[in-house]
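Inside the fold
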Amino acid sequence: MSEDYLSGDAGDVTHPWRRAKRALGELAFEALDRAALVARRADVVARSSPRQRVLAVGVYRPGSLLPQAVNRLGSAHHEVRLAFGATDAADPALAAHTVAQHLEGGKFENLNRVLAAAAFPDFDWLLVVDDDLRLPAHFLDRFVALCQRFDLDLAQPAQSQRSHSAWRVTRRRPASLVRETRFVEIGPLTAFGRRAAAELLPFPELRFGWGLDLHWAALAAERRWRLGVVDATPVRHEAATVGSSYRTDDARAEAARFLADRPYLPAARAGDVVATHRRVDR
Ligand SMILES: [Mn+2]
């Protein structure tokens, strides 16, 4: 069968020249964002955001980056519950938020266990957070407020230029708050609004989940959900190449099985940008 569900890009940015170029590119984007008042505009939205109930879940491995990320999942403004699962014993730094230990399933199987144990119903936003990303300052308040203001049903923060990202559309663009897209990725951080969560949870019991996001995209198109990549809060997913910790053959095979009898957005359409919002005057 044709593999029109693969991005065709492992997002490998490990080559030294490419890394240097991307690091310079980050500095240039920071300057463009400053000139366009991106952070200031995001803070204006954050300050006027209605109080939201936010559940952030994730599964972490030993030695993960999650303990640092947790500080940036805090909020003075919203009600935030953190619920994590450990593949090993609980990390002492995360013990207070760990609701399941010694998880042995795949990503989405484990997330279902964590969601069941989280006991935080009626959330406005579910954030699924991988354990290998770095979040920017003021992340939660800006990100949730922008998702709320732009009526997004499925969203993700953009990724830095040096991030390992399989889909180009998820890389940050300068001088933008939010881009409306047709596609939101399964990681490294995915946000589900109330409407989408009601239909997409619990997750299908998948180990890798490749192709799941293309299926979500097809459902989103049918239901006229709004999808977006939040450029104002870029995250760094720079620690390892996508798929490097598992066999990509198995992930491909799982995707082929999963998508065989389900609608999905062809990978070639995943890069579409429907609109770029540089300000909030809508
Ligand atoms: Mn990762």
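Only a predicted model underlies this, so the values are computations on that prediction, with no experimental measurement involved. (Residues numbered from 1 in each chain as written. Predicted model: local features only at pLDDT ≥ 70, side-chain atom pairs only at ≥ 80, totals over all residues. Heavy atoms only, no water.)

We now examine helix α1 (residues 16–35). Given 3.6 residues per turn, any residue in an α-helix points the same way as the ones three and four places further on. Taking 1.5 Å of rise per residue, 20 residues should cover 28 Å, and α1 covers 29 Å from first to last C-alpha, within 8% of that figure. All of the buried residues in α1 are Gly25, Glu26, Phe29 and Asp33. One side of α1 holds all its buried residues, which, seen down the axis, span an arc of 115°. Seen from the buried face of α1, the exposed residues on the opposite side, beyond 90 degrees, are Pro16, Trp17, Leu24, Leu27, Arg34 and Ala35. Considering only its buried residues, α1 is in contact with α2 (38–47). Immediately beyond the C-terminal end of α1, within one or two residues, lies leucine 37, with a positive phi of roughly 60°. (Helix = DSSP H or I, 4+ residues; strand = E, 2+ residues; numbered from the N terminus. Expected span 1.5 Å × (residues − 1). Buried < 20%, exposed > 50% of the residue type's maximum accessible area, 1.4 Å probe, protein only. Arc of directions from axis to C-beta. Contact = heavy atoms within 4.5 Å.)

So, on to the pairing of strand β4 (residues 125–129). Most of β4 is tucked away, with five of its five residues classed as buried. The two faces of β4 match: Trp125, Leu127 and Val129 on one face and Leu126 and Val128 on the other face are all buried. For strand β1 (residues 53–60) and β4, the ladder comprises four bridges, and the chain directions are parallel. What sits directly across from alanine 56, in β4, is leucine 127. The pairing of β4 with strand β7 (residues 189–193) spans five bridges and is antiparallel. Note that in β7 the partner of tryptophan 125 across the bridge is glycine 193. (Pairing = 2+ DSSP bridges.)

Another point: helix α5 (residues 139–149). Within α5, eight of the 11 residues are buried, which leaves the element mostly enclosed by the surrounding structure. Looking only at α5, the buried set comprises Phe139, Leu140, Arg142, Phe143, Val144, Ala145, Leu146 and Cys147. With its phi angle positive at about 55°, aspartate 151 sits one or two positions after the end of α5.

In total, this model carries 20 salt bridges according to the counting rule given. The partner of arginine 172 in a salt bridge is aspartate 33, with the nearest N and O atoms 2.8 Å apart. Taken together, the positions of arginine 172 in the loop between β5 (154–159) and β6 (178–181) and aspartate 33 in helix α1 put the pair 139 residues apart, joining distant regions of the chain. Classification of aspartate 33 by relative accessible area gives buried; the value is 8%. Linking aspartate 130 and lysine 107 is a salt bridge whose minimum nitrogen-to-oxygen distance equals 2.9 Å. Here the residue aspartate 130 occupies a position in the loop between β4 and α5, and lysine 107 occupies one in helix α4 (residues 107–118), the gap between them amounting to 23 residues. A relative accessible area of 18% places aspartate 130 in the buried class. The exposure class assigned to lysine 107 is partly exposed, which follows from its relative accessible area of 23%. (Salt bridge = Lys/Arg side-chain N within 4 Å of Asp/Glu carboxyl O.)

Here we take up the coordination of the manganese ion. Here the manganese ion is held by the protein donor atoms Asp132 (OD) and His237 (NE2), which lie 2.0 to 2.2 Å from it. On the criterion of sequence distance, the pair formed by aspartate 132 in the loop between β4 and α5 and histidine 237 in the loop between β8 (227–235) and α8 (248–259) is long-range, its members being 105 residues apart. (Donors = N, O, S within 2.8 Å, 3.2 Å for Na, K, Ca; no water.)

Moving on: the nonpolar core. Within the largest apolar cluster, 48 residues are counted, with the highest numbers of intra-cluster contacts made by Leu55, Val57, Phe192 and Trp216. Where this core is concerned, the elements lending two or more residues are β1, α4, β4, α6 (194–200), α7 (212–223) and α8. Setting aside residues no more than four positions away along its own chain, leucine 55 makes contact with Arg81, Ala83, Leu115, Ala118, Phe120, Phe123, Trp125, Leu126 and Leu127. Counting 38 residues, the second largest nonpolar core, distinct from the first, contains Ala42, Leu82, Leu133 and Cys147. (Core = buried A, V, L, I, M, F, W, Y, C linked by side-chain atoms within 4.5 Å.)

Right, let's talk about the environment of leucine 115 for a bit. Within the fold, leucine 115 resides in helix α4. Along the primary structure leucine 115 and leucine 6 are separated by 109 residues, whereas in three dimensions their C-alpha atoms are 28 Å apart. Other than its neighbours up to four places away in sequence, leucine 115 contacts Leu55, Val57, Leu126, Leu201 and Phe203.

This part is about the sheet that holds strand β3 (residues 98–100). Read across the open sheet, the nine strands follow the order β3-β2-β1-β4-β7-β5-β8-β6-β9; overall the sheet is mixed. Two strands bound the open sheet, and with one partner strand each, they are β3 and β9 (273–277). The mean inter-strand angle of the sheet, taken between neighbouring strand axes irrespective of direction, is 25°. Relative to the sheet, α5 contacts β1, β2 (79–86), β4, β5, β6, β7 and β8, its axis offset from that of β8 by approximately 160°. (Axes fitted to C-alpha atoms, helices over the stretch in contact; angles between N-to-C directions.)

What follows is about the packing of aromatic side chains. Scanning all chains against the criterion turns up seven aromatic pairs. With a centroid separation of 4.7 Å and 50° between ring planes, the pair formed by tryptophan 167 and phenylalanine 183 is classed as tilted. Residue tryptophan 167 is located in the loop between β5 and β6, and its partner phenylalanine 183 is located in the loop between β6 and β7; the two are separated by 16 residues in the primary sequence. Per residue, the accessibility class of tryptophan 167 equals that of phenylalanine 183, and both read buried. Taking the centre distance of 6.2 Å and the plane angle of 40° together, the rings of phenylalanine 203 and tryptophan 216 count as tilted. Of the two residues, phenylalanine 203 is situated in the loop between α6 and α7 and tryptophan 216 in helix α7; the sequence distance between them amounts to 13 residues. Using a relative accessible area of 2% as the deciding quantity, one classes tryptophan 216 as buried. (Phe/Tyr/Trp six-rings, centres within 6.5 Å; stacked < 30°, edge-to-face > 60°.)

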